[in-house]
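Coordinate inspection notes
The primary structure of each chain is shown beneath.
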Amino acid sequence: MTDLWLISVPLDKTSLNSVEQLKRTIAKTSRASCCKFSIPDLKVGILDSLLTMSDDLSKLDTLTESVIKKTCQCMREVMEHSTDKVLENALANGDHSVPQRAVLSPLKAYLKSLRVDLMSYVTKFQWDKAKYPTALPLSSLADIINKEVSQVETELKCRAATYNSVKTSLQSLEHKLEGNLQTRSLNDIVRREDLVVSEYLTTLLVVVPRGSFLQWERTYESLSQFVVPRSSRKLHEDGEGGVFSVTLFKRAVSEFKARAQESKFTVREYRFDQEEEKQQERKQLSVHKKEQCGIFVRWLKVNFSEVFTAWIHLKALRVFVESVLRYGLPVNYQALLLLTDSKCSKKLRGELASLFMHLDPTATSSKTDVNCDIPGLCQQEYFSYICFDINTCMLEIS
């Protein structure tokens, strides 16, 4: 798994030398990759507003990440037939309007050729000035992101509920139609010619436990004096039991059902037209589910992209605010994106702590949950440099 760290250091001579040394170390050890993360000049405002903004952005960051996780989870659930499509569809700034076409290569290759993947988007990040105008105050930019994320969260709940309702209805009906002999559909067992229906006579379908076949044959005629002799036929059997037909006078149906229940024989309620209606309902629900799935997946693709891009802009906002609070004015910092394998994270943390110790000699790479009065400190883990994780573990395929 890849760890992404967005770090910020001041542009003093010592820090710049440390950055160059970091780049040389990374190139030499191949422990990570490093690239510049471009953040435009934003409006600083006053110090008090920045302190409040720091806390607000931290809360918004948590909300946005949770919406991204929920979106990915919905992708996993909706695309249940192939969970490895999650990574293919969870891509930022993709062209989702291109129609599906027949290709020889796997769907994964097709989708990857269609859109920019998440890692590429982050490493080549460019601030969207049309969507997030840099002339606006920081609070206004945060409000735009908050409104966007909250709207997606609300709509996600609504769309997920709609899809799950259809899915549950179909599953419930399928359970009834495909369950045991007590509940399953009998349309593939019973033919119209197996049923006798007239002004006075009717045919009942009885489920008999497997060990009671002989008992049924010996006793069914005695369950009512109005049973037609030798009218029972075995229509189906499986490991649980069998389905038998029996013809009798309509006026004796209630009596027969009661006596049959005493002998642990179950009379199934059955009408041929009613069974056909259930099969038609199942077919309609299946088509409806497929339609809802397509609509929901398209919505998830587009809105995952929207929320993810908003999240990266939010990370940039946090870096800017924390850099001003930590390093002071005039605004003078450099943001870097580090990509490293999780196995190498500990060693890289140690190297960063050593290189940037001059920024805060009291900081250690393992100091967590620090409670101090340093402006803008709203990170769980405190380092001498500013660092924000970009968590992509929700995209891992288990």
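These numbers were taken from a predicted model, which means no experiment stands behind them. (Residues numbered from 1 in each chain as written. Predicted model: local features only at pLDDT ≥ 70, side-chain atom pairs only at ≥ 80, totals over all residues. Heavy atoms only, no water.)

1. What to know about the overall build of the chain
Tallying secondary structure elements over the chain gives ten helices and eight strands in all. Sequence separation of 24 or more characterises 79% of the internal contacts of the chain that already satisfy a separation of 6 or more. Accessible surface, the chain as shown: approximately 21200 Å² in total, 51% of it carbon and sulfur. (Helix = DSSP H or I, 4+ residues; strand = E, 2+ residues; numbered from the N terminus. Contact = heavy atoms within 4.5 Å. Areas by Shrake-Rupley, 256 points an atom, 1.4 Å probe, with all protein chains shown as cover.)

2. Observations regarding the pairing of strand E3 (residues 201-209)
Along E3, seven of the nine residues are buried, which leaves the element largely enclosed by surrounding structure. The pairing of E3 with strand E5 (residues 241-249) spans nine bridges and is classified as antiparallel. Within E5, the position partnered with Val 207 by the bridge is Val 243. Examined bridge by bridge, E3 and strand E6 (residues 266-268) share three bridges and lie antiparallel to one another. Paired with Val 207 across the bridge in E6 is Thr 266. (Buried < 20%, exposed > 50% of the residue type's maximum accessible area, 1.4 Å probe, protein only. Pairing = 2+ DSSP bridges.)

3. Structural notes on the sheet that holds strand E4 (residues 233-237)
Taken together, the four strands give an open sheet; going across it, the order is E4-E5-E3-E6, and neighbouring strands pair in antiparallel fashion. Looking along the sheet, the strands with just one partner apiece sit at the ends: E4 and E6. Each strand of the sheet is rotated relative to its neighbour by a mean of 35°, with strand direction disregarded. (Axes fitted to C-alpha atoms, helices over the stretch in contact; angles between N-to-C directions.)

4. Quick look at the packing of helix H1 (residues 13-29) against helix H10 (residues 345-355)
Running from N to C, H1 and H10 point in directions that differ by 155°, and their axes come no closer than 10 Å. Taken as axis vectors, H1 and H10 run roughly antiparallel relative to one another. H10 is crossed by H1, and the crossing has right-handed handedness. Residues Ser 18, Gln 21, Leu 22 and Thr 25 of H1 form the contact with H10, whose own contacting residues are Leu 348, Glu 351, Leu 352 and Leu 355. Looking at the contact of H1 with H10 residue by residue, the class counts come to four nonpolar, three polar and one charged. (Parallel < 35°, antiparallel > 145°, perpendicular 65-115°, else oblique. Left-handed = near helix turned anticlockwise from the far one by under 90°. Nonpolar A, V, L, I, M, F, W, Y, C, P; charged D, E, K, R; others polar.)

5. Concerning unusual backbone geometry
Omega for the peptide link from Leu 329 to Pro 330 comes to -5°, which places this bond in the cis form. Looking at the secondary structure, you find Pro 330 in the loop between helix H9 (272-327) and strand E7 (333-341). For Arg 230, which is not glycine, the phi dihedral falls at a positive 55°. Relative to the elements of secondary structure, Arg 230 occurs in the loop between helix H7 (213-219) and E4. In this structure Arg 230 comes out as exposed when scored by relative accessible area, which is 66%. Positive phi is not limited to glycine here, since Lys 264 has a value of about 65°.

6. Quick word on the sheet that holds strand E2 (residues 32-36)
Read across the sheet, four strands follow the order E2-E7-E1-E8 without closing on themselves; strand pairing throughout is antiparallel. Taken across any chain shown, the strands that pair with only one partner, and hence form the sheet edges, are E2 and strand E8 (386-390). Strand-to-strand, the axes of this sheet are offset by a mean angle of 25°, without reference to chain direction. Here H1 sits on the sheet and contacts strand E1 (2-10), E2 and E7; the angle it forms with E7, its principal contact strand, is near 20°. Those strands touched by H10 are E1, E2, E7 and E8, and its axis lies near 5° from that of E1.

7. What about the confidence of the model for the chain?
Averaged over all residues, the pLDDT of the chain equals 83, while 84% of them reach at least 70. Across residues 98-116 the pLDDT falls below 50, and counting only partners more than four positions away or on other chains, this stretch makes 23 contacts in the model. Low pLDDT, under 50, characterises residues 365-379; the predicted model gives this stretch 34 contacts beyond four residues in sequence or across chains. (pLDDT = per-residue confidence, 0-100.)

8. Things to note about H10
Ser 345, Leu 348, Arg 349, Glu 351, Leu 352, Ala 353 and Leu 355 are the residues of H10 that are buried. Check the buried side of H10 and you find it contacts E1, H1, E2, E7 and E8.

9. Regarding the nonpolar core
Ranked by size, the top nonpolar core spans 57 residues in total, and within it Phe 37, Ile 39, Val 122, Phe 296, Phe 308 and Ile 312 carry the most contacts. No other element matches H9, which puts 19 residues into this core. Look past the residues within four positions of Phe 296 in its chain and what remains in contact with it is Cys 74, Val 78, Leu 156, Arg 159, Ala 160 and Tyr 163. The next biggest cluster of nonpolar side chains, apart from the first, holds 17 residues, and it includes Leu 223, Phe 244, Ala 252 and Ala 260. (Core = buried A, V, L, I, M, F, W, Y, C linked by side-chain atoms within 4.5 Å.)

10. What to know about the packing of aromatic side chains
Within this structure, the stated rule accounts for 17 aromatic pairs. Judged by centre distance (5.2 Å) and plane angle (10°), the ring pair of Phe 383 and Tyr 385 falls under stacked. Overall, Phe 383 belongs to the buried group, its relative accessible area being 4%. A relative accessible area of 1% places Tyr 385 in the buried class. These aromatic residues form a ring-pair network of at least three members: Phe 37, Tyr 121, Phe 125, Phe 304, Phe 308 and Trp 311. Sitting over the ring of Trp 5, Arg 349 keeps its end group 3.7 Å from the ring centre. (Phe/Tyr/Trp six-rings, centres within 6.5 Å; stacked < 30°, edge-to-face > 60°. Lys NZ or Arg CZ within 6 Å of the ring centre and 35° of its normal.)

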